[in-house]
Amino acid sequence: MEAARKSAKARLEAMGLPQRRDEYWKYTRPDLLTTTDMAPAALLVTDEAPLFDAIDRLKIVFVDGVFDAQASDDLSLEGLEISQLKDAPDWAQSLYGVLEENGQSPVARPLAALNSAQAQQGIVIRANAKVSKPVSLVYVRKSDTSDAILHHVIRVEEGADLTVLENGPAAARLNTVMEVDVADTGAFHHVRAMGRDHERRAATHIFGRLGHESVFKSFTMTVNGKLTRNEVVLDINGDNAVAHVAGAAMGDGDFLHDDTVFITHDSLNCESRQVFKKVLRNGATGVFQGKILVKEGAQKTDGYQMSQSLLLDDDSQFYGKPELEIYADDVMCSHGSTTGAIDEKAMFYLQSRGVTKIEAQDLLVLAFLDAAVDEIEDAAIADDIRGRLEGWLARRRD
Amino acid sequence: MLDIKNLHVKLEDEDKQILKGVDLKIGAGEVHAIMGPNGSGKSTLSYVLSGRAGYEVTDGTATLLGNDLLDLEPEERAALGLFLAFQYPVEIPGVGNMTFLRTAVNSQRKMRGEDELSAGEFLKIIREKAKTLKIDAEMLKRPVNVGFSGGEKKRNEILQMAMLEPKMCILDETDSGLDVDAMKLVSEGVNALRSEGRSFLVITHYQRLLDHIKPDVVHIMANGRMIKSGGPELALEVENNGYADILAEVA
């Protein structure tokens, strides 16, 4: 592991920290994520039941980025090998930093290298079978100055099926890397909700490698947060694999949410799907940088990329950079990126039936986001997420 | 019920006067029809009454049961009992028809200070009303008007009317895009709602609809005002001779 950290450190030194002038950081200022002079972030006080509370799950708690054994369930579940990063077994040690390093080309991701170089905390999971309940990573925050780094290493073996949930603010500033290696015929499901604390900053990275006939599906909900940069880098190198990445984000005021996705198709007959929806108001900013790279020989690729934002006022803004790069000749790739205001015709129709203006707007916002939420396969989890989106809107009424 | 006096309306963004002094008085339980050539201001009248943006009232008044309508939000007009059946019902992807209707019914009840309907009560009522309009459970589950045929959309409008139980119903060219059978079904739905306390304003180009929904009074509208009013025979006259005679008569 020390060798892996050292080589990550060398990578980081070679590429340097992200700068404002970097093409990949054009729309999102990296300063807040890199500065050593870190501002505190106030804690959000809420009396709501925590997300996923009603879901039967194996709960693993980190407080300000440090594993909390007391608050966590026993690290044992049928079909799983699970341990803290510091106790990582050989297989995990040899995977640590590998997928991150693979994901550094053609675009450098210095904050991920920094994570691999420094991370001491995280969880290591190996799924050997269809696991009966989700592993739920709960990120509690108690300090307003915590600066946390988490690094998770996950391997889903052949025929295994694992769901990982993540939620909570984690730290005033958070940097995560999740390396996910899905073996042939394995399935990995991921649903997360970024912390709701208004002033928190987060840079997250998911590096996935997909084998033959494997499935990878990830959904992220973001409401609030001063800065969120979520990078997903997937390498599809087994035939007939399926990769879905989706996100629903709502921002009000001092909010920047950035989805940066890079999916590489290097196999036959694979499907990838990106569905990102953002609702922005009172000066909030949304960013989408999504790329599908279809390598030579990756025939019969079915790539879909959709990024849509709904701007509820003139102060809010959205920057979209959808990219397709295709070197195979028998593929189907479609993409769309739209930015728009609320549909006035639909608003009037709803209001003319007696729905108040604010309720009508909320109905249309939820309907807009639902195409992303719909990507979550588990109905109970999807309903929990829908409830949170509704709650967020309801709290902002009148 | 509805009392419109000397209503003048122009487009907000354009210097174009559409309504030039409309007078119309509809008593409780009455059915009035408005016919008139294209561009006479019939649809504008329905939009202005229901509160659509983009119009500016330059003169005149419109009251519903004594309440001034023109300063109210569309939803407040609805809660007072106004209902517009759209010529082109709007498709709303992602919002379930049932969710939409329950939100609308309960939102109106809340505004009127009444108790909201529980999910169970609502379901019982809507099932019953949907059945008579031949709207199946599948149509109730689908997103509002999305993928509905022309006839389904209009039936869905009448279902909304039946659920919301308005006092003043405006039907804006409800017959457009309907085949004979669909028109009969929609008309039956409307007729079932006729009552002493409920009035209708039926905007149409064709006398045909008025065979099914029999009006008490027919108005001819042209160039932004009512130019002639009479009984149902006036609609027949238009059907047979067009508008030329009437226009010439009042010119």
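Residues numbered from 1 in each chain as written. Chains lettered and ligands numbered in written order. Predicted model: local features only at pLDDT ≥ 70, side-chain atom pairs only at ≥ 80, totals over all residues.

**A word on the overall build of chain B**
- Along chain B, the regular secondary structure elements total ten helices and twelve strands.
- Computed over C-alpha atoms, the radius of gyration of chain B comes to 18 Å, within 12% of the 18 Å expected from 2.2 N^0.38 for 251 residues, which places it in the range of a compact globule.
- Within chain B, buried positions represent 43% of all 251 residues.
- Looking at chain B alone, contacts between residues at least 24 apart form 71% of all its contacts between residues at least 6 apart. (Helix = DSSP H or I, 4+ residues; strand = E, 2+ residues; numbered from the N terminus. Rg over C-alpha atoms; globule rule 2.2 N^0.38 Å. Buried ≥ 20, exposed ≤ 12 C-beta atoms within 10 Å, placed from the backbone. Contact = placed C-beta atoms within 7 Å.)

**Comments concerning the interface of chain B and chain A**
- Taken together, the contacts link 19 residues of chain B with 16 residues of chain A.
- Elements supplying a minimum of two residues to the side of chain B that touches chain A: helix 2 (74-80), strand 7 (92-96), helix 3 (97-111) and helix 6 (150-164) of chain B.
- The class makeup of the residues in the side of chain B that touches chain A is ten nonpolar, six polar and three charged. (Nonpolar A, V, L, I, M, F, W, Y, C, P; charged D, E, K, R; others polar.)

**Quick look at the sheet that holds strand 11 (residues 217-222) of chain B**
Residues and elements named next belong to chain B.
- Reading across from one edge, 6-9-10-3-11-12 is the order of the six strands in this open sheet, with mixed pairing throughout. Looking at strand neighbours, the two that pair on one side only are strand 6 (82-85) and strand 12 (225-230), the edges of this open sheet. The sheet shows a mean angle of 20° between the axes of neighbouring strands, taken without regard to direction.
- Of the strand pairs in this sheet, strand 3 (residues 31-35) and strand 10 (residues 199-203) are connected by four bridges, and their pairing is parallel. Paired with A33 across the bridge in strand 10 is V202. (Pairing = 2+ DSSP bridges. Axes fitted to C-alpha atoms, helices over the stretch in contact; angles between N-to-C directions.)

**Considering the packing of helix 4 (residues 119-132) of chain B against helix 6 of chain B**
All names here are of chain B.
- Two numbers describe how helix 4 lies on helix 6: the axes approach to 10 Å, and their chain directions differ by 140°. With respect to their mutual orientation, helix 4 and helix 6 come out oblique. For the element pair helix 4 and helix 6, the recorded crossing hand is right-handed. In this structure, helix 4 uses I126, K129 and A130 to contact helix 6, whose residues at the interface are L159, A162 and M163.
- Considering only residue class, the contact of helix 4 with helix 6 consists of five nonpolar, no polar and one charged. (Parallel < 35°, antiparallel > 145°, perpendicular 65-115°, else oblique. Left-handed = near helix turned anticlockwise from the far one by under 90°.)

**Focus on the confidence of the model for chain B**
- Summary statistics for chain B give a mean pLDDT of 91 and a share of 100% for residues scoring 70 or more.
- Reported for the predicted complex are a pTM of 0.92 and an ipTM of 0.95. (pLDDT = per-residue confidence, 0-100.)

**Concerning the nonpolar core**
- Formed by 184 residues in total, the largest nonpolar core has its most connected members in A:L137, A:L369, B:F83, B:A85 and B:V202.
- Sorting elements by how many residues they give to this core places helix 7 (residues 357-373) of chain A first, with ten residues.
- When neighbours within four sequence positions are excluded, B:F83 is seen to be in contact with B:A78, B:M161, B:L164, B:P166, B:M168, B:C169 and B:I170. (Core = buried A, V, L, I, M, F, W, Y, C linked by C-beta atoms within 7 Å.)

**Section: the packing of helix 3 of chain B against helix 6 of chain B**
Residues and elements named next belong to chain B.
- At a minimum axis separation of 10 Å, helix 3 and helix 6 run at an interaxial angle of 30°. When the axes of helix 3 and helix 6 are compared, the crossing they make is right-handed. Packed against helix 3, whose contacting residues are L101, A104, V105 and Q108, the element helix 6 presents Q160, M163 and L164 at the interface.
- In terms of residue class, the contact of helix 3 with helix 6 is made up of five nonpolar, two polar and no charged.

**Comments concerning the pairing of strand 8 (residues 173-182) of chain A**
Residues and elements named next belong to chain A.
- Counting buried positions along strand 8 yields ten of ten residues, so the element is predominantly enclosed.
- Residue alternation in strand 8 divides its side chains into two sets, R173, N175, V177, E179 and D181 and L174, T176, M178, V180 and V182, and both sets are buried.
- One ladder, built from ten bridges, connects strand 6 (residues 147-156) with strand 8; its direction is parallel. Paired with R155 across the two strands is D181, which belongs to strand 8.
- Summarising the sheet, strand 8 and strand 10 (residues 201-210) pair through ten bridges and their orientation is parallel. What sits directly across from V177, in strand 10, is H205.

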